[in-house]
Amino acid sequence: MTEEQTTITMEKDELLGAVSDFHSQGYRLAQICCTALGDTIEINYSFDKEYRFKNLRLSIRPDEEIQSISIIYWSAFTYENEMSELFGVKIRNIVVDYKGHFYRTAVATPFVAPEPDAGNATEKE
Amino acid sequence: MSQRNVIPFGPQHPVLPEPIHLDLVTEDETVIEAIPSIGFVHRGLEKLVEKKDYQDFVYVAERICGICSFMHGMTYCQAVEEIMEIAVPERALYLRTVWAELSRIHSHLMWLGLAADAFGFESLFMNCWRLREGILDIIEATTGGRVIFGSCKIGGVRRDIDDETMKGIVEKLGTIGAEIGRTTDVFLNDYSVQHRLKGIGVLSGEEAHALGTVGPVLRASGVAMDARKIDYAAYRNLKFEPVVEKAGDCHARCRVRVREIFQSVDLIGQAARKMPGGEIFVKVTGAPNGEFFSRVEQPRGEVIYYVKANGTKNLQRFRVRTPTFANLPAMVKMLEGASIADVPNIILTIDPCISCVER
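What counts, and at which threshold
Residues numbered from 1 in each chain as written. Chains lettered and ligands numbered in written order. Predicted model: local features only at pLDDT ≥ 70, side-chain atom pairs only at ≥ 80, totals over all residues. Contact = placed C-beta atoms within 7 Å. Helix = DSSP H or I, 4+ residues; strand = E, 2+ residues; numbered from the N terminus. Nonpolar A, V, L, I, M, F, W, Y, C, P; charged D, E, K, R; others polar. Pairing = 2+ DSSP bridges. Axes fitted to C-alpha atoms, helices over the stretch in contact; angles between N-to-C directions. Expected span 1.5 Å × (residues − 1). Buried ≥ 20, exposed ≤ 12 C-beta atoms within 10 Å, placed from the backbone.

A.B. asks: Explanation requested: the interface of chain B and chain A in the structure shown.
C.D. replies: One widely used convention gives an interface's size as the accessible area the parts lose upon coming together. Taken together, the contact pairs 25 residues of chain B with 24 residues of chain A. Of all the elements in the fold, those that place two or more residues in the side of chain B that touches chain A are β7 (301-310), β8 (317-321) and α11 (323-335) of chain B. Considered class by class, the residues forming the side of chain B that touches chain A number 11 nonpolar, 6 polar and 8 charged.

Structure (structure tokens):
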């Protein structure tokens, strides 16, 4: 094992509090990513401080909305716009919200449709 | 009050080898806001993992980028090896380290050339790329490829480097290193270069950390973070400290990369001296079941591979957070308040690799 990695599972209501704790402890936002797992979407928020790698994990239903952490970590806006566009994750209050235009792909997004309703896809200009 | 204009920058632009678009909101000659957008060459490689055998996928991972291709393959292999608890032979770890550092040298030389081209120093650009050819020759001689090495596999590496060849590589790097030193002196000391880069695109250490910046961009702002300190591959057995500069401007980012070239030469020398004998791979059977975030210090900074597997031959999720993606927010901040004439230099000093970003 090259490094120990801790994963903390939480509910979406606890997200901002937990992220604030990491921020106040001086952790760097390393990445955010999501994984479509059948009827749930798993989101990992990763932080690093002096090579200690920690994850916050959130599991939500595709139709659930979560709060953006970009008010705490401004740089989260790129990750959150990506999740919103490619996976259809509903995220509220992103500080720089592209509203579906961060990825200028020729085909409609999201690529991983959270619901069978194709009407969620947005046509790119 | 000056009139505000929006200047589209990219996706096709002379300083951009790859497509990214920026809407530059300007007042006169000053950038007020920069709004990036990507997706022009989105390839969907992350999704492809659901259809490829996890062992074959190394070939795809290597093709995410044409500059740090080996490190992409290595990071992927490392992730799967961690999940499957594979003990990779020590010699293979040293060989991975040597190829990774060769990749860093050629990437930084390529960047120095592109930077010289961006500020109009054509002869310096050509000299950097001439020197890079010497490194590519070593890579070709040891792997058979100049861009895609094809040397990494899950469980070790595909090719060995015999001791005599390794000795020759160290000697050749000594010769090329002296030549590189004469060229990089221009970047460090030339008045014209300093005039174009010093005091431009300044990012403080606090800002760099808060923006999640990685790699030379972070270290040029005084933050000593280098993912090689996580002790993957053979780095745990090599002596080095992260290269740090404090000014946080374009010239500091240039100085970090110059110093890292010589650090890489030193690391290859150390690896050659300490490399043990033995096998270069172990046979891998079965399928991974679990997850891991694999981190490697690429030339542009820390890359993170998230691999999630469910015990089948196809992975459940493969996600790449590239260093350029992590550095986009910092680039946006650096561009605010910059002169339009400095925009190309500022963008270049994060060493953007859009091919990686678009994975």
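A.B. asks: So what exactly am I meant to see when it comes to the sheet that holds strand β1 (residues 5-10) of chain A here?
C.D. replies: Strand pairing in a sheet relies on backbone hydrogen bonds, with the paired strands running either antiparallel or parallel. All names here are of chain A. Strand order in the open sheet formed by 4 strands is β1-β4-β3-β2, and the pairing between neighbours is mixed. Sheet topology places β1 and β2 (28-37) at the edges, where each strand pairs with a single neighbour. The sheet shows a mean angle of 20° between the axes of neighbouring strands, taken without regard to direction. This element, helix α1 (residues 15-24), spans β1, β3 (40-49) and β4 (52-60) of the sheet and lies at about 170° to β4. Against the sheet, helix α2 (residues 76-87) contacts β2 and β3, and its axis sits at roughly 10° relative to β2.

A.B. asks: Please clarify how helix α4 (residues 90-118) of chain B should be interpreted in this entry.
C.D. replies: Because an α-helix completes one turn every 3.6 residues, residues spaced three or four positions apart along the sequence face the same direction. Residue and element names in this part refer to chain B. Here α4 is 29 residues long and its end C-alpha atoms lie 42 Å apart, about the 42 Å a rise of 1.5 Å per residue gives. Within α4, 24 of the 29 residues are buried, which leaves the element mostly enclosed by the surrounding structure. Directly beyond the C-terminal end of α4, a positive phi value near 80° is found at G120.

A.B. asks: Looking at this model, I keep getting lost on the sheet that holds strand β2 (residues 21-27) of chain B. Mind explaining?
C.D. replies: All names here are of chain B. One open sheet holds the 3 strands; their spatial order is β1-β2-β3, and the pairing between them is antiparallel. Of all strands in the sheet, those bounded by a partner on one side alone are β1 (4-9) and β3 (30-37). Along the sheet, successive strands turn relative to each other by an average axial angle of 20°, direction set aside. Across 7 bridges, the pairing between β2 and β3 is antiparallel. Its bridge partner being in β3, H21 is matched across the sheet by S37.

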